[in-house]
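# Coordinate analysis (summary)
Now for the letters of each chain:
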Amino acid sequence: MKKFLALLLAAMMVFAFTACGGGGSSEEAADDSSDAAAVSYDDIDDNCESEDGTYQIAMVTDVGQLKDGSFNQFTWNGCKKYAVDNGKTYKYYQPANGQNATDEDRIKAMTDACDAGAEVIVTPGFLQQTALEAVAPKYPEVQFIFIDGWDLGIDNVLGVSYQEEQAGYLAGYAAVMEGYTKLGFSGGGGGSNPACIRYGYGYAQGANDAAKEKDVDVEMRYSWEYGSSFSASDDLQAMLAGWYNAGTEVIFMCGGTMFNSGAAAAEAADGAIIGVDVDQSAQSDAVITSATKGLAQSVQISLENFYGEGLQKGALVLGAADDAVGLPVDTWSLQNWSVEDYNALFEKVKSGEIKVDNNSEMADPSTAGLEKIKFVK
């Protein structure tokens, strides 16, 4: 743990450019850690030109867009930053068929990356399992990093996951302590994505505990509709607009560019939203806070471990105890719940005094016996 924290601090230092590093947009992307030093990931080119046509660090997404302002983008930010800091070449490989990519599409993209000289391939997304099991054994010298993954029992595959339930808990607790009693959750993956399930279930638990503390009742709309591809859509925006019109005050948007539909609906209704994975406050004035996890930093740490120690396997699980999840207090717009109160709650989660259920199959928290929450359609 001490090594993780030391590397985390190093990873958050302002970087110097190398051959593949400069010339990107000057727009500064929001970091995925509340106390990180200012780092403009957008100043690193997404495209690195390799003199010999080989690329040492590769990333392959499962579905969704690279520039989603959240999960994929900040995983890529970690790849790029480590590469420019350490003189490595890098390349993004998007599977064919975009949001409808199949296992075969992902297998081909990973194979292409290996054949182009990849020493390590970062594979964000829970849909990567089948492709990893097909490709990794064929390239035993290549390190595969499975973000939002788990231990596949393969010598060259490291699963990196997060205790999203803790971040969700903090967000739900904060929303109710701020004074909201009509909450919503809109999740990606159709109710089959373990990370999104943990976020949502944690959110409901946090809201329930805060409601007990304040002795209030909370109403919650909870849906996986229109989120299977983690993408914005007119149908999703219409559903969320209906929620706001029915009285919902704040919605936790949990799924890639689904955020854009939530932001549009919230802004039109003068409502509020909670971002996910990274601090999304810069993307909409409707954001009151975000449930974050250290995507870019954990990727850099995993790359550092590989290049320093060799092939990594098994699972790395990061949470509050590692300062790897939380809320970005420097940018939140909460007015009725203090940073001091948040820090006190965080320490209870960090120490284990508050234990948040991490059931990755609880896609329907209305069955969880949360007595202060009424789930409505």
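Scroll up to find the structure this text is about.
Please read all numbers here as calculations on a predicted model, not as lab measurements. (Residues numbered from 1 in each chain as written. Predicted model: local features only at pLDDT ≥ 70, side-chain atom pairs only at ≥ 80, totals over all residues. Heavy atoms only, no water.)

### Some words on the packing of helix 7 (residues 234-245) against helix 8 (residues 258-269)
Look at helix 7 against helix 8: their axes get within 9 Å of each other, and the N-to-C directions meet at 40°. When you trace helix 7 past helix 8, the crossing you get is right-handed. For the pair helix 7 and helix 8, contact is made by Leu-236, Gln-237, Leu-240, Ala-241 and Tyr-244 and by Met-258, Ser-261, Gly-262, Ala-264, Ala-265, Ala-266 and Ala-269, respectively. The residue inventory of the contact of helix 7 with helix 8, partitioned by class, reads 9 nonpolar, 3 polar and no charged. (Axes fitted to C-alpha atoms, helices over the stretch in contact; angles between N-to-C directions. Helix = DSSP H or I, 4+ residues; strand = E, 2+ residues; numbered from the N terminus. Left-handed = near helix turned anticlockwise from the far one by under 90°. Contact = heavy atoms within 4.5 Å. Nonpolar A, V, L, I, M, F, W, Y, C, P; charged D, E, K, R; others polar.)

### Here we look at the environment of Asp-323
Along the chain, Asp-323 turns up in the loop between strand 11 (314-318) and strand 12 (325-326). Relative accessible area serves as the criterion here: at 33%, Asp-323 is assigned to the partly exposed category. It is 8.5 Å that separates the C-alpha atoms of Asp-323 and Gly-294, two residues lying 29 residues apart in sequence. (Buried < 20%, exposed > 50% of the residue type's maximum accessible area, 1.4 Å probe, protein only.)

### Describing the pattern of salt bridges
In total, this model carries 18 salt bridges according to the counting rule given. Here Asp-46 makes a salt bridge to Lys-67, at a shortest N to O gap of 3.1 Å. A residue pair is termed long-range when its members are at least 10 positions apart, and Asp-46 in the loop between helix 1 (2-11) and strand 1 (57-60) and Lys-67 in the loop between strand 1 and helix 2 (71-86) qualify at 21 residues. Owing to a relative accessible area of 26%, Asp-46 belongs among the partly exposed residues under this scheme. For Lys-67, a relative accessible area of 37% puts it in the partly exposed group. What you see here is one network of salt bridges that share partners, running through Asp-148, Glu-164, Glu-165, Arg-198, Asp-277 and Lys-293. (Salt bridge = Lys/Arg side-chain N within 4 Å of Asp/Glu carboxyl O.)

### Thoughts on the sheet that holds strand 8 (residues 250-254)
Spatially, 12-10-9-8-6-7-13 is the arrangement adopted by the 7 strands of the open sheet, whose pairing is mixed. With partners counted over all chains shown, the strands left at the sheet margins are strand 12 and strand 13 (373-376), one partner each. Across 3 bridges, strand 8 lies against strand 9 (residues 272-277) in parallel orientation. The residue of strand 9 that forms the bridge with Phe-252 is Ile-274. (Pairing = 2+ DSSP bridges.)

### Re the sheet that holds strand 1
Strand-to-strand pairing in sheets goes through backbone hydrogen bonds, with the strands running parallel or antiparallel. One open sheet accounts for 6 strands, arranged 2-1-3-4-5-11; its pairing is parallel. Each edge of the sheet is formed by a strand with only one pairing partner; in this case those strands are strand 2 (90-93) and strand 11. Going from strand to strand, the sheet's axes swing by 20° on average, the running direction of each strand aside. Relative to strand 3 (residues 120-124), strand 1 is paired through 3 bridges, and the arrangement is parallel.

### Section: the nonpolar core
Formed by 81 residues in total, the largest nonpolar core has its most connected members in Tyr-90, Ile-147, Leu-183, Tyr-203 and Trp-337. If you look at the next biggest cluster of nonpolar residues, it comprises 21 residues, including Val-60, Ala-118, Leu-132 and Val-142. (Core = buried A, V, L, I, M, F, W, Y, C linked by side-chain atoms within 4.5 Å.)

### Quick notes on the side chain of Thr-123
Tracing the backbone shows Thr-123 in strand 3. Thr-123 gets classed as buried once you look at its relative accessible area, which sits at 0%. Discounting residues that sit within four places of it in the chain, Thr-123 has contacts with Val-60, Met-110, Gln-128, Leu-132, Ile-145, Phe-146 and Ile-147.

### Description of the packing of aromatic side chains
For the structure on display, the rule yields 20 aromatic pairs. Between Phe-185 and Phe-252, the aromatic rings sit 5.7 Å apart at their centres with planes inclined by 65°, giving edge-to-face as the arrangement. Taken together, the positions of Phe-185 in strand 6 (residues 182-187) and Phe-252 in strand 8 put the pair 67 residues apart, joining distant regions of the chain. Taking relative accessible area as the criterion, Phe-252 reaches 0% and is therefore assigned buried. Taking 6.3 Å as the distance between ring centres and 75° as the angle between the ring planes, the aromatic pair formed by Tyr-222 and Phe-375 counts as edge-to-face. Here Tyr-222 is found in strand 7 (residues 218-223), whereas its partner Phe-375 is found in strand 13, with 153 residues between them in sequence. Its relative accessible area of 24% is what places Phe-375 among the partly exposed residues. An aromatic cluster is built from Phe-185, Tyr-199, Tyr-203, Tyr-222, Trp-224, Phe-252 and Phe-375, whose rings are joined through pairwise contacts. (Phe/Tyr/Trp six-rings, centres within 6.5 Å; stacked < 30°, edge-to-face > 60°.)

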